[in-house]
Amino acid sequence: MSGKIEIKKKVLSENDRIASEIREKLSRNKILTLNLVSSPGSGKTSLLERTLKQLGDKFNMAVIAGDVQTENDAERLARAGGKIVRPLLTGGACHLDARMVNRVLNEIDIDRLDILFIENVGNLVCPAGYDLGEDMKVVLISTTEGDDKPLKYPAMFRRSSVLVVNKIDLLGLSNFDPEKVKKNALAVNPEFIIMDVSCRTHEGLDRWYSWLSGAVNNKREAKMAEPKG
Amino acid sequence: MHELQVATQIIEIVQQEMESRKLAAVSAIGVRVGALSGFNPDALEFSFEAAVADTPLSETRLEIEYIPIRGECRECRHNFESDEMIIACPACGSGQLDISRGDDLEISYIEGG
């Protein structure tokens, strides 16, 4: 037998299938699930540290802390008051996939959980292709990076819903232009919710906390939009 | 270099298709890779060659179709197509764009025989 046979099958369909199962399970329990992505060093762990401390009395939160190697981030988050923090070591892989997340998720008691944070591997390329079953991706960029990053990594910025610009206490010490990064981000993704914060000085974090609280409420009332991408 | 994982996934899916369709051999695999997929066609080709060695697909060609970004300007309704990220409408310069295509990463066909 010869000739072309049409297949039309997504290459990552197995990942997408597991991600859908995760999404269904977490949505049934009305758990807001955020996939945090950024370059290494933009401040994903710092943002989570602040959030766990600030909102620890208000919400039950769990973190799956992805890393290529070492459990340092998970230890930091546990010290910050995280009651449920699970390290997820990829053993060299440059991103998390749904199968890895599912394995760790099965060990977490999700009964009374409000928020699940999945801290992805620091990388703006590879994690873009892998749905983890999240409600949305939160992408971080810091003022020590290039303000053209949204244009350099459009796949990631397009699939994210929230942009957190971190380290604004350092504005002026580099050529980073906060207006330019916003313009570039909105060019790639006109729907972006953008917040300026400094995890070091706490500046702007109130807006992040109130956005987060609103998103938890929306999730409880199941008003959450379908994920992007 | 996450393309290696994608190459492995492609081989796995094609082998499942061969089994269910009772194909003895596959001479070519057609894959669509979108400009916004986050995957690089050259790296995928390179990874595929490495991954098929010592499998029944070692003689199989990978035919990659690169899918450009397609979109429409919200202001002037101009339709555009590009291999690279477009941030302003080529016709009117507006930044309000709707991107409709370019996320693809799929196996479009296999060629038996």
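Described in the following lines is the structure provided in the data block. (Residues numbered from 1 in each chain as written. Chains lettered and ligands numbered in written order. Predicted model: local features only at pLDDT ≥ 70, side-chain atom pairs only at ≥ 80, totals over all residues.)

### Regarding the packing of helix α2 (residues 44-55) of chain A against helix α8 (residues 205-220) of chain A
Each packed pair of helices is defined by two parameters, the angle between the axes and the distance between the axes. Residue and element names in this part refer to chain A. Put simply, the test is: Fitted lines through C-alpha atoms serve as axes, helices being fitted only where they are in contact, and the angles separating the N-to-C directions of these axes extend from 0 to 180 degrees. Note on conventions: DSSP H or I runs of at least 4 residues are helices, E runs of at least 2 residues are strands, and numbering of each starts at the N terminus. For classification, angles of less than 35 degrees are called roughly parallel, those exceeding 145 degrees roughly antiparallel, those between 65 and 115 degrees roughly perpendicular, and all remaining angles oblique. Handedness of a crossing is defined here by the sense of rotation of the near helix relative to the far one, left-handed for an anticlockwise turn of less than a right angle and right-handed for a clockwise turn. Any pair of residues counts as being in contact when their C-beta atoms, constructed from backbone geometry, are within 7 Å of one another.
Orientation of α2 relative to α8, taken along the N-to-C sense of each, is 65°, at an axis distance of 11 Å. One way to sum up the angle between α2 and α8 is to call them roughly perpendicular. α8 is crossed by α2, and the crossing has right-handed handedness. Taken together, the residues of α8 that come into contact with α2 (itself represented by Arg50, Thr51, Gln54 and Leu55) are Leu205, Tyr209 and Leu212.

### Observations concerning the environment of Val85(A)
Residues and elements named next belong to chain A. If you trace the backbone, Val85 turns up in strand β4 (residues 84-89). Each C-alpha atom of the pair Val85 and Asp73 lies 9.6 Å from the other, and the pair is 12 residues apart in sequence. Those residues in contact with Val85 that sit more than four places away from it in its chain are Val63, Ala65, Ala74, Leu77 and Ala78.

### So, the interface of chain B and chain A
Stated formally: Throughout, the ten residues Ala, Val, Leu, Ile, Met, Phe, Trp, Tyr, Cys and Pro are labelled nonpolar, Asp, Glu, Lys and Arg are labelled charged, and all others, Gly among them, are labelled polar. Following DSSP output, two strands are said to pair if at least two bridges run between them.
In this complex, chain B contributes 27 residues to the contact, which on the side of chain A involves 28 residues. For the side of chain B that touches chain A, the secondary-structure elements that each account for two or more residues are α1 (3-20) and β6 (105-112) of chain B. Here the side of chain B that touches chain A takes 8 residues from β6(B), the largest share from any one element. A breakdown of the residues in the side of chain B that touches chain A according to their chemical character gives 13 nonpolar, 9 polar and 5 charged. Here 6 bridges tie strand β1 (residues 3-10) of chain A to β6(B), and the two strands are oriented antiparallel to one another. Bridge pairing links Gly3(A) to Gly112(B) in β6(B).

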